[in-house]
Amino acid sequence: MPQTALVRLVLERQGLLIDAAAPAADPDAVVMPGAFEGVEGVARVIEQLAGTVLPASLWERQVLPGRVHDYRPAMLDELMAAGEVLWAGHGALGDDDGLVSLHLAELAVVTLPIRQPVAEDGNDGPTATALQRAVLAVMADGGAYFVRQLALLAQARLADAAAQGNSPSPNASEVSPTTVAAALWSLAWRGLVTSDTWGPLRALTGGRPPPTQDAGPRSAAPPPDGGVDAALETGCILAGPQSPV
């Protein structure tokens, strides 16, 4: 198979070309991106790219719109709210972006990386602050939380620890939604927590996918005021997806 034909076939399979046959016959033909359509098309792209680590800002600006011709943010949010798709963090990129992978929930045990449990300072393995451990302890009980809920519950955990003779830092009185949000982002970039929508990442990166050629003008809502804690208020926080060891 000629190299150019192979490249076009791969692009077609990835949904980047609607039909590879016509351009192969006519190299000068104009090809249109976005072979997939709708929510099912978004799910197919995520299945193909499951586990691929990319900047969060690129998923909705290039990757999904380039493969799903009618892509809208609500499509990804619908899949995530239904529990069919989840995201995992792989490290921050500055203050307004980070590396993220997407996964189909039914295949996540295969595509997710294995995460080591966190440890206290001085122990082997990845460490976590007292506040981060308190947040993880709250979330270990299951369920989904808003940032302000987590702040109150983490505050109670730290207060209990102090009452038992431990002196974690920060103490319970220093815990606020802002400090908890910062702890959550740190945990999210380590793959230990996630959210039930793409909203927090969308707000953090300030991104919206570009409009399609047949779409009318739409306004891009600005990220909420208040920084990382406000960004996290756009969805519920969930315990991070885990792959079995």
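Above this text sits the structure in question.
Residues numbered from 1 in each chain as written. Predicted model: local features only at pLDDT ≥ 70, side-chain atom pairs only at ≥ 80, totals over all residues. Heavy atoms only, no water.

## Some details on the overall build of the protein chain
1) Next: Secondary structure summary: the protein chain contains eleven helices and five strands in total.
2) Next: Taken across its 245 residues, the protein chain has 41% of its residues classed as buried.
3) Next: For the protein chain, the accessible surface area stands at approximately 12,500 Å², while carbon and sulfur atoms represent 55% of it. (Helix = DSSP H or I, 4+ residues; strand = E, 2+ residues; numbered from the N terminus. Buried < 20%, exposed > 50% of the residue type's maximum accessible area, 1.4 Å probe, protein only. Areas by Shrake-Rupley, 256 points an atom, 1.4 Å probe, with all protein chains shown as cover.)

## Some details on helix α7 (residues 130-139)
Turn by turn, an α-helix covers 3.6 residues, leaving residues three or four places apart pointing in a common direction.
1) Next: A large share of α7 lies buried, amounting to eight of its ten residues.
2) Next: Every buried residue of α7 is accounted for by Ala130, Leu131, Gln132, Ala134, Val135, Leu136, Val138 and Met139.

## Looking at the pattern of salt bridges
1) Next: Enumeration according to the criterion identifies three salt bridges in this entry.
2) Next: Two residues, Arg202 and Glu60, come together in a salt bridge whose shortest N-O distance is 2.7 Å. Taken together, the residues Arg202 in helix α10 (residues 199-205) and Glu60 in helix α4 (residues 56-67) connect sequence positions 142 residues apart.
3) Next: Judged by relative accessible area, Glu60 falls into the buried class, the value being 3%.
4) Next: Arg157 is paired through a salt bridge with Asp141; the nearest N and O atoms lie 2.8 Å apart. Note that Arg157 is positioned in helix α8 (residues 147-163) and Asp141 in the loop between α7 and α8, a separation of 16 residues in sequence. (Salt bridge = Lys/Arg side-chain N within 4 Å of Asp/Glu carboxyl O.)

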